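Chain and residue survey
Each chain, written out:
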Amino acid sequence: MRNTHPVRKVLIASANPLFGKGLQQIYRQRFEAVEFLLTSSMEETLTELERWQPDLVIVDYDDKTIHREEFLSHFITGQRPMQVMLVSLRESGAVVVYDRKTLTPAQADEWLSDFQTYPPSKRSHTMKGNARHLFIAGGLVIVATALVYLALLGVNLLPAQASTQAQAIDRLFNAHFFMIALLFSLITVFIGYSLFAFRSKPGTEDQPGANIKGNNTLEILWTLIPLATVLVFSFFGARNLAETRLADPQAMEVKVVARQWDWVFEYPSYGIKSNELYLPVNRQVLLKLTSLDVIHSFWVPEFRVKQDALPGENLVKELRITPIKEGRYTVMCAELCGGAHANMNRPVVVVSKQEFDAWVSSKVNAATADPVERGKRWAELSGCLSCHSVDGSKLVGPTWKGAYGHEVELADGSKVLADEAYLYASIVDPASQMVKGYPNSMPANYADQLSDEQIRDIIEYIKSLK
Ligand code: CUA
């Protein structure tokens, strides 16, 4: 079967005469209307390319005298539609066509006979067409990003937001969710859109695709945009980290001691220990973490922040948390620390200030049954002892030593017996019976700060100071 196309001009460039002759023979078996021209040097090939204007050029890939790159650069600058093949005849006799394809001899044969039937490529993409594709794909990316982002937020990965620090962290977390949604959409939408929009249409299955080599603008963009994104995120990350560490001078200190496999919480200002971490709401707590054995890690998911507890006296680690939501949470250990690591859970209870104070006094009451001992602690905690001495020396206020049971002279000159009723009145309403020679400088709010029981304890303590 012979093909009956119009005359085609085929230029064969090879220093090896057998290469050209062999190809001519293959062609003649198939096509009648083919004219051949054989060239054997680079110069000759380029001259004939200009003069003769062939439809197809076949270059001997194995021939070093025909400089392929130089040849191709001339070839691709020409205006005329033309095809070129780089053909190599391997020792095995197989024909290898360097068209970014390695073909079996049978395929090469088929391919050779096909060359005349290619219509001019319809796959030239105009700028207008590109802009349209970009516009559609860009719109789809925006829609997909919004949907994926909403879906991610809907999963509710994050537990309740129970601390000030959690707010800062969640802001960044959500920004990451957004970036994840955007990147995911960018990749999947472009792949999906390309699969659909640039699929081969019927009748063009054999057409070669556009040969795209390098795109500096694109490479610069896809280097700079991710670089800028990472830098911006690290900036916000550093700022957020600083925000979670903001120190409040009024913070309550709690010592956290971790060991295999439990937590102990010590409140140095109240002299109590607990296996539950009680915290008053809306007040920063400064946790000072240590470990008695191996590395543990203090983590309450609702507070978000996390800190390792390290063994060693000089390795006290600090963590600041400002609970903003009353409730019961759980502290867990976030560092594999041995067999019962998974059981290293303890309750964390965030309560109102009143409930916290009640809890503290119940713990103190449980710790000591002696009202004098308790009263001493309340006096220390409430700041009484910065104005009242217990050894007889004169400070801002009268000394407590020997105060009970004696007569005191008041500012108005009258005298009263300092009994329990007098001491009680002086604590809750200090201005009512001012002792002569002392300023009226005692805060009048001790009735709010101290419970009745605590005031009774303090009176017992004063009574003990004979
Ligand atoms: Cu302690 Cu894990």
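Residues numbered from 1 in each chain as written. Predicted model: local features only at pLDDT ≥ 70, side-chain atom pairs only at ≥ 80, totals over all residues. Heavy atoms only, no water.

A look at the overall build of the protein
When helices and strands are tallied, the protein shows twelve helices and 17 strands. Expressed as a percentage of the 466 residues in the protein, the buried residues total 35%. Partitioning the intrachain contacts of the protein with sequence separation of at least 6 by distance along the chain shows that 65% fall at a separation of at least 24. Carbon together with sulfur atoms contributes 58% to the accessible area of the protein, which is approximately 27,400 Å² in total. (Helix = DSSP H or I, 4+ residues; strand = E, 2+ residues; numbered from the N terminus. Buried < 20%, exposed > 50% of the residue type's maximum accessible area, 1.4 Å probe, protein only. Contact = heavy atoms within 4.5 Å. Areas by Shrake-Rupley, 256 points an atom, 1.4 Å probe, with all protein chains shown as cover.)

Things to note about the pattern of salt bridges
Under the definition given, this model contains eleven salt bridges. Where aspartate 357 meets lysine 353, a salt bridge forms, and the shortest distance between an N and an O atom there is 2.7 Å. Pair noted here: aspartate 357 and lysine 353 are both in helix H8 (residues 353-367), with a separation of four residues, about one helical turn. (Salt bridge = Lys/Arg side-chain N within 4 Å of Asp/Glu carboxyl O.)

Describing the pairing of strand S9 (residues 277-280)
In S9, alternate side chains face the same way, and those of Leu277 and Leu279 on one face and Tyr278 and Pro280 on the other are all buried. Note that S9 and strand S15 (residues 346-351) share four bridges and pair parallel. When the sheet's bridge partners are listed, leucine 277 is paired in S15 with valine 348. (Pairing = 2+ DSSP bridges.)

What about helix H12 (residues 452-464)?
Across its 13 residues, H12 extends 19 Å between first and last C-alpha, which sits within 8% of the 18 Å expected from 1.5 Å per residue. Those residues of H12 that fall on the buried side of the exposure criterion are Gln454, Ile455, Asp457, Ile458, Ile459, Tyr461, Ile462 and Lys463. For H12, the secondary structure elements touched by its buried residues are H8, helix H9 (371-381), helix H10 (420-428) and helix H11 (446-449). (Expected span 1.5 Å × (residues − 1).)

Let's talk about helix H6 (residues 164-197)
Compared with an ideal rise of 1.5 Å per residue, which puts 34 residues at 50 Å, H6 spans 49 Å between its outermost C-alpha atoms and is within 8% of the ideal. Among the residues of H6, those classed as buried are Gln165, Ala166, Ala168, Asp170, Leu172, Phe177, Met179, Ala181, Ser185, Val189, Tyr193 and Ala197.

Considerations on the sheet that holds strand S12 (residues 306-309)
Sheet architecture is open: five strands sit in the order S9-S15-S14-S11-S12, paired in mixed fashion. Across the chains shown, the open sheet's two edge strands, defined by having one partner strand only, are S9 and S12. Neighbouring strand axes in the sheet, compared pairwise and without regard to direction, differ in orientation by 25° on average. Relative to S12, strand S11 (residues 296-299) is paired through four bridges, and the arrangement is antiparallel. Looking at S12, one finds that histidine 296 is bridged to alanine 309. Contacts between H8 and the sheet are confined to S9 and S15, with S9 contributing the most and set at about 140° to the helix. (Axes fitted to C-alpha atoms, helices over the stretch in contact; angles between N-to-C directions.)

Quick look at the nonpolar core
In this structure, Trp263, Phe265, Tyr267, Leu287, Phe298, Phe303 and Phe356 are the most contacted members of the largest nonpolar core, which totals 57 residues. If one sorts the elements of this core by residue count, H12 sits on top with five residues. Excluding its chain neighbours within four sequence positions, the residues that come into contact with leucine 287 are Val254, Val256, Phe298, Lys317, Glu318, Leu319 and Ile321. Counting residues in each nonpolar core, the second largest holds eleven residues, with Leu23, Tyr27, Phe31 and Leu56 among its members. (Core = buried A, V, L, I, M, F, W, Y, C linked by side-chain atoms within 4.5 Å.)

Some points on the sheet that holds strand S6 (residues 252-259)
Strand order in the open sheet formed by five strands is S8-S7-S6-S10-S13, with mixed pairing between adjacent strands. This sheet does not close on itself; its edge strands, each paired only once, are strand S8 (272-274) and strand S13 (317-321). With strand direction ignored, the average angle separating the axes of adjacent strands in the sheet is 25°. Looking at chain direction, S6 and strand S10 (residues 285-291) are connected through seven bridges and run parallel. Of the residues in S10, the one forming a bridge with valine 254 is leucine 287.

Concerning the packing of aromatic side chains
Summed over the entire model, instances satisfying the criterion amount to twelve aromatic pairs. Look at tryptophan 263 and phenylalanine 298: their rings are 5.7 Å apart centre to centre, the planes differ by 80°, and that puts the pair in the edge-to-face class. Of the two residues, tryptophan 263 sits in strand S7 (residues 262-267) while phenylalanine 298 sits in strand S11, which places them 35 residues apart along the sequence. Assessed through its relative accessible area of 0%, tryptophan 263 is described here as buried. Under the relative-accessibility criterion, phenylalanine 298 is labelled buried at 0%. (Phe/Tyr/Trp six-rings, centres within 6.5 Å; stacked < 30°, edge-to-face > 60°.)

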